[in-house]
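Residues per chain, in single letters:
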Amino acid sequence: MQNQNNNDFTPKIMTVEDVRYRKRNRRRAERRAESKKRSFVTPLLFLTLLVGVAIVIYPSFASWWNSKVQSRAVASYDDAVSSLSETDYSEYFEAAYAYNEEINKLGSATALTNPELLEGYDSILNVSGTGIMGYITIEKINVLLPIYHGTSASVLQVGAGHLEGTSLPVGGESTHAVISAHRGLPSATLFTHLDQMEVGDTFTITILNEILTYEVDQISIVYPYEIENVYVEEGQDYVTLLTCTPYGINTQRLMVRGHRIETEAAKKTIRVTAEAYKIDTIVVSVLVAVPMVIVLFVVVSLPKKKRHYDDRGRYDL
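In this text, all values refer to a predicted model and were calculated from it rather than measured experimentally. (Residues numbered from 1 in each chain as written. Predicted model: local features only at pLDDT ≥ 70, side-chain atom pairs only at ≥ 80, totals over all residues. Heavy atoms only, no water.)

### Here's the deal with the packing of aromatic side chains
So the rule is basically this: Two rings belonging to Phe, Tyr or Trp (six-membered ring only in the last case) form a pair when the distance between their centres is within 6.5 Å. Interplanar angles under 30 degrees mark stacking, angles over 60 mark edge-to-face geometry, and anything in between is tilted. Each residue gets one of three labels from its accessible area relative to the maximum for its type: buried under 20%, exposed over 50%, partly exposed in between, using a 1.4 Å probe on protein chains only. Only when the NZ of Lys or the CZ of Arg is both within 6 Å of the ring centre and within 35 degrees of the ring normal is a charge said to sit over the ring.
Applying the stated criterion to the full structure yields five aromatic pairs. Between Tyr223 and Tyr225, the aromatic rings sit 5.8 Å apart at their centres with planes inclined by 5°, giving stacked as the arrangement. A relative accessible area of 62% places Tyr225 in the exposed class. Over the ring of Tyr238 we find Arg257; its NZ or CZ atom is 4.0 Å from the centre of that ring.

### Things to note about the pairing of strand E6 (residues 210-222)
What counts, and what does not: Two strands qualify as a pair provided that DSSP identifies no fewer than 2 bridges between them. Per the convention used, a helix needs a DSSP run of H or I reaching at least four residues, while a strand needs a run of E reaching at least two, with both numbered from the N terminus.
Where strand E5 (residues 202-207) meets E6, six bridges bridge the pair, whose relative direction is antiparallel. Looking across to E6, one finds that Thr204 is bridged to Thr213. Where E5 folds back on E6, the antiparallel hairpin that results is connected by two residues, among which Leu208 adopts a positive phi of roughly 55°. Relative to strand E8 (residues 252-261), E6 runs antiparallel, the two sharing nine bridges. Looking across to E8, one finds that Val216 is bridged to Gly258.

### Describing the environment of Glu164
With respect to the secondary-structure elements, Glu164 resides in the loop between strand E3 (160-162) and strand E4 (175-180). Sequence spacing of Glu164 and Ala111 is 53 residues, and the spatial spacing of their C-alpha atoms is 8.3 Å.

### Regarding the nonpolar core
In globular proteins that are soluble, nonpolar side chains generally tend to be buried together. Quick note on the threshold: Residue types Ala, Val, Leu, Ile, Met, Phe, Trp, Tyr and Cys, when buried and joined through side-chain atoms within 4.5 Å, form a set referred to as a nonpolar core.
Ile138, Leu208 and Leu241 are the most contacted members of the largest nonpolar core, which has 52 residues in total. If you look at the next biggest cluster of nonpolar residues, it comprises six residues, including Val178, Val222, Leu242 and Met255.

### Section: the pairing of E4
When you tally the buried positions in E4, you get six out of six residues, the bulk of the element. Bridge count for E3 against E4 is two bridges, and the pairing is antiparallel. Across the sheet, residue His162 finds its bridge partner in E4, namely Ile179. Bridge count between E4 and strand E7 (residues 237-245): six bridges; the pairing is parallel. Across the sheet, residue His176 finds its bridge partner in E7, namely Tyr238.

### As for the pattern of salt bridges
Applied cut-off: The term salt bridge refers to a pairing of a side-chain nitrogen on Lys or Arg with a carboxyl oxygen on Asp or Glu at a separation within 4 Å.
Taken as a whole, this structure holds seven salt bridges when the rule is applied. Put simply, Lys105 and Glu102 hold a salt bridge, and the shortest N to O gap is 3.7 Å. Remark: Glu102 and Lys105 occur in helix H3 (residues 86-106); sequence separation between them is three residues, near one turn of the helix. Classification of Lys105 by relative accessible area gives exposed; the value is 65%. Two residues, Asp217 and Arg257, come together in a salt bridge whose shortest N-O distance is 3.0 Å. Pair noted here: Asp217 is in strand E6 and Arg257 is in strand E8, with a separation of 40 residues, a long-range link.

### Description of the confidence of the model for the protein
Operational definition: Each residue gets a pLDDT score, which is the predictor's confidence in that residue and runs from 0 to 100. We call two residues in contact whenever any of their non-hydrogen atoms come within 4.5 Å of each other.
The pLDDT averaged across the protein works out to 82; a share of 68% of its residues lies at or above 70. When the criterion is pLDDT under 50, residues 272-281 qualifies, and its contacts beyond four places in sequence or with other chains add up to 20 contacts. Segment residues 312-317 is flagged for pLDDT under 50; beyond a separation of four residues in sequence, or across chains, it makes 12 contacts in the model.

### Details of the side chain of Ser180
Which entries qualify depends on this criterion: Side-chain atoms alone can form a polar contact between residues adjacent in sequence; in general such a contact is a pair of N or O atoms within 3.5 Å, and within protein one must be able to donate a hydrogen while the other accepts it.
In this fold, Ser180 is placed in strand E4. Residue classification places Ser180 among the buried residues on the basis of a relative accessible area of 11%. Engagement of the side chain of Ser180 in a polar contact is seen with the backbone oxygen of Leu242, the distance being 3.5 Å. What Ser180 contacts, discounting residues up to four positions off in sequence, is Thr151, Leu156, Gly159, Ala160, Gly161, Phe191 and Leu242.

### Re empty space enclosed by the protein
As a reminder, the rule being used: Cavity and pocket criteria rest on a 1 Å grid covering protein atoms alone: a 1.4 Å probe that fits but cannot get out defines a cavity, protein on both sides within 12 Å along at least 5 of 7 lines defines an open pocket, and an atom within 4 Å of a point defines a lining residue. Grid points are joined across faces, edges and corners, and a volume is the space filled by probe spheres set on the points. Charged means Asp, Glu, Lys or Arg here, nonpolar means Ala, Val, Leu, Ile, Met, Phe, Trp, Tyr, Cys or Pro, and polar covers whatever is left, Gly included.
Summed over the entire model, instances satisfying the criterion amount to one cavity of 30 Å³ or more. Taken as a whole, the largest cavity holds about 30 Å³ of empty space. As for the largest cavity, its lining consists of Gln218, Ile219, Ser220, Asn229, Thr240, Met255, Val256 and Arg257. Taken together, the elements giving at least two residues each to the lining of the largest cavity come down to E6 and E8. Here the lining of the largest cavity is built from residues that sort into three nonpolar, four polar and one charged.

What follows is the structure, encoded as structure tokens:
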């Protein structure tokens, strides 16, 4: 009995083959673990790159898409205007002139702080029923934006807004209209490049069948509570373009004011089509991003070469 117990605890002597067998098993286990790791990491890397490319493309794509939507909104407005009669034009303009007269009677300070005192605002110049009263064109900075009634958050996400309480942009003595738009939105350009405007530059406002041209004569930076710069001045025909500044901080307001000048004959017959939008930025982004994604997909999809090991666990070429 004693001898049997001693034999049970006798250490087993490993042969060379046993050692090789254990090494091979260990290497195989390591290779399996590495293979599982690669099968997890590779899709993760692909997904990370895909997300990165999407982040890079998004601003250009969103800006392009919004430009397309804005151009179509302008084209739809032009279509609605073209169906009106001369009598319709007269009625719309007369209502706008009357509104501006009411502002002058109240005074700019009162009208700006209490715009609810002015009746019928939303229906005046609302030809298509979409809230668009016209559109603004700034050739220098490649801007074409519909002008909506009011400056609500939803309006300023997609276009320019007319500041309620200021004159409607139909021109005439003793008027001062204010057109506002965002800058720096990742989804739309809008007034992002308004700071490039200089004294002497021009822009146009299209209302119904009239194209009004304004020449920049004053550029100022003020705080939001400083509203005197947009008051009506006796006998003057002004339009001020308004946006936030400094870029990305938005604690102040950039004001670009223009006075009315004669519209060039060549511009009086211009009409916008639905295809009048730029696509260069999105095309460039897609041309760069798509090949990157395709190459990565091909590399990831290539079958892995199987490794062969000899009986000693060594890699066999």
